Amino acid sequence: GDWDVMVIDSIDVRRGVERGLFDALPEDRLPIADLFPEVTMDSSTKIDGKRYGITEKFGYNTIGFNKAKVDANEMQTLATLLGDKYKGRIAIYDYYLPVIGMAALAIGKKTSELTEADLPAIKEALVKMKTNAKAVTDVVASQTALATGEVDILVGGGEWVTAGIAKENPDLDFSVPKEGAVLWSQSLAMFKDSKNKDMALKFIQYIMSPEGQARLATSSCYWGMPASTKAALTDEQKKILRFAEQPGFLKRAQPYPAPDEALDKKMQDMWTEMLQAQ
């Protein structure tokens, strides 16, 4: 009961509302019209006509790479990850949902329509990626591997990996390939039992203001795309985040897979089998 505002994955806002955790936000006092339309996430953040979450930051699980070491044109298609040209020079981010999403996109499937029948073909694509990989590892280790040159490609990486360290290594970049990328986004929600609802709203309004959006997008923990098209980023920050290219990226991006419990378990089992593949 001591917290007023929560940062939550946009797709989880509905769950919080169903559990009675969040209060509705006054839509007319928030800059909804300034958001990139694809990240308003109304199907997740609005319930029964009321807004309970507002997207503050988003980005992509996609291909992060060192453009001094790889052909950037080859990073514009996920097919490259299934071939062996960069064998031993790839790390895979060890989180099953976005990378399963990328494997699905690589073989022409939509992340929002995956069923158990799709799993054998997705597993085949994942095993090809794993065979080419030097490591399947966590966020910190995979980011370090790319930053130090231990690997040249990170599957599941994106602006949240490369943008923050682009100053130290300007060769680090990311692509949103022609087949698409997996879109992540996080929202702000206000707790129903907040003792300071006025201050909570003011805080949300600040985070969604042009200044707040720029500071959030370039925060030291990790960079990401600001949800607002009005974010007060510098020209250099916009270039690093590929801000001008967002409309095209968002058209190609697809949501995180959102399997039901039974399919989720099968996806986790498939991921474990992929990790054990030689």
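Note: the structure precedes this text.
Residues numbered from 1 in each chain as written. Predicted model: local features only at pLDDT ≥ 70, side-chain atom pairs only at ≥ 80, totals over all residues. Heavy atoms only, no water.

Trainee: How should the overall build of the protein be read in this particular structure?
Mentor: Tallying secondary structure elements over the protein gives twelve helices and twelve strands in all. For 278 residues, the compact-globule formula gives about 19 Å, and the C-alpha radius of gyration of the protein, at 19 Å, lands near that figure. By its C-alpha atoms, the protein is 55 × 45 × 30 Å across when sized along the principal axes. For the protein, the residues scored as buried account for 53% of the 278 residues in total. Residue pairs in contact within the protein that sit at least 24 positions apart in sequence constitute 77% of those at least 6 positions apart. (Helix = DSSP H or I, 4+ residues; strand = E, 2+ residues; numbered from the N terminus. Rg over C-alpha atoms; globule rule 2.2 N^0.38 Å. Buried < 20%, exposed > 50% of the residue type's maximum accessible area, 1.4 Å probe, protein only. Contact = heavy atoms within 4.5 Å.)

Trainee: Sorry, what's going on with the packing of helix H5 (residues 119-132) against helix H12 (residues 261-276) here?
Mentor: Two packed helices can be described by the angle between their axes and the distance between those axes. Close contact between H5 and H12 brings their axes to 9 Å; oriented N to C, the two are set at 30 degrees. Between H5 and H12, the angle falls in the class roughly parallel. Regarding H5 and H12, the two cross each other, and that crossing is right-handed. Across the interface between the two elements, Leu119, Ile122, Lys123, Leu126, Val127 and Lys130 from H5 touch Leu263, Lys266, Met267, Met270, Trp271, Glu273, Met274 and Leu275 from H12. (Axes fitted to C-alpha atoms, helices over the stretch in contact; angles between N-to-C directions. Parallel < 35°, antiparallel > 145°, perpendicular 65-115°, else oblique. Left-handed = near helix turned anticlockwise from the far one by under 90°.)

Trainee: Hey, could you run me through the nonpolar core in this one?
Mentor: In this structure, Leu126 and Ile153 are the most contacted members of the largest nonpolar core, which totals 45 residues. The element that contributes the greatest number of residues to this core is helix H4 (residues 96-106), accounting for nine residues. When sequence neighbours within four positions are dropped, the list of residues in contact with Leu126 reads Val99, Ile100, Ala103, Met270, Trp271 and Met274. Membership of the second largest hydrophobic core comes to 38 residues, among which are Ile32, Leu188, Leu216 and Ala253. (Core = buried A, V, L, I, M, F, W, Y, C linked by side-chain atoms within 4.5 Å.)

Trainee: What is the right way to look at the packing of H4 against H5 in this model?
Mentor: Viewed as axis vectors pointing N to C, H4 and H5 meet at an angle of 105 degrees, and their least axial separation amounts to 9 Å. On the basis of their axis angle, the class for H4 and H5 is roughly perpendicular. Between H4 and H5, the contacting residues are Val99, Ile100, Met102, Ala103 and Ala104 on the first element and Ile122, Ala125, Leu126 and Met129 on the second. Here the residues of the contact of H4 with H5 sort into nine nonpolar, no polar and no charged. (Nonpolar A, V, L, I, M, F, W, Y, C, P; charged D, E, K, R; others polar.)

Trainee: Honestly, the pattern of salt bridges in this entry has me stumped. Any pointers?
Mentor: Opposite charge on two side chains permits them to pair, given that their charged atoms come into close proximity. The tally for this structure, following the rule as stated, stands at 17 salt bridges. The partner of Arg51 in a salt bridge is Glu27, and the shortest N-O contact between them spans 3.4 Å. Of this pair, Arg51 sits in strand E4 (residues 50-51) while Glu27 sits in the loop between strand E2 (22-23) and helix H2 (42-45), placing them 24 residues apart in sequence. For Arg51, a relative accessible area of 3% corresponds to the buried category. Overall, the relative accessible area of 27% leaves Glu27 in the partly exposed class. Among the salt bridges present, the one from Asp173 reaches Lys67, with a minimum N-O distance of 3.6 Å. Of the two residues, Asp173 sits in strand E9 (residues 172-175) while Lys67 sits in the loop between strand E5 (54-66) and helix H3 (79-82), which places them 106 residues apart along the sequence. Among the charged side chains, a salt-bridge network with shared partners connects Glu27, Asp42, Lys46 and Arg51. (Salt bridge = Lys/Arg side-chain N within 4 Å of Asp/Glu carboxyl O.)

Trainee: Would you explain H12 in this entry?
Mentor: An α-helical segment advances 3.6 residues per turn. Residues three or four places apart therefore align on the same side. Given a rise of 1.5 Å per residue, 16 residues ought to cover 22 Å, and the 23 Å separating the end C-alpha atoms of H12 matches this to within 8%. Taken together, the buried positions of H12 are occupied by Leu263, Asp264, Met267, Met270, Trp271 and Met274. In an axial view of H12, the angular spread of the buried residues amounts to 120 degrees, which keeps them on one side of the axis. Away from the buried face of H12 by more than 90 degrees, exposed residues Glu261 and Gln276 are located. Contact partners of the buried residues in H12: strand E6 (90-93), H4, H5 and strand E7 (133-137). (Expected span 1.5 Å × (residues − 1). Arc of directions from axis to C-beta.)

Trainee: Explanation requested: the side chain of Thr80 in the structure shown.
Mentor: Among the structural elements, Thr80 can be located in helix H3. What makes Thr80 buried here is its relative accessible area of 16%. Within polar-contact distance, the side chain of Thr80 engages the backbone oxygen of Glu74 at 2.5 Å. Those residues in contact with Thr80 that lie beyond four places of it in its chain are Glu74, Met75 and Tyr86. (Polar contact = N/O pair within 3.5 Å; in protein donor to acceptor, adjacent residues only side chain to side chain.)

Trainee: Looking at this structure, how should I read helix H8 (residues 197-207)?
Mentor: Within H8, the full set of buried residues consists of Ala200, Leu201, Ile204 and Ile207. For H8, the arc enclosing every buried residue in end-on projection is 125 degrees, short of the 170-degree limit, so these residues lie on one face. What points out from H8, more than 90 degrees from its buried face, is the exposed set Asp198, Met199 and Lys202. Looking at the packing, one finds that the buried side of H8 touches strand E1 (5-9), E5, strand E10 (182-191) and helix H9 (210-217).

Purely geometric numbers; function is a separate question.
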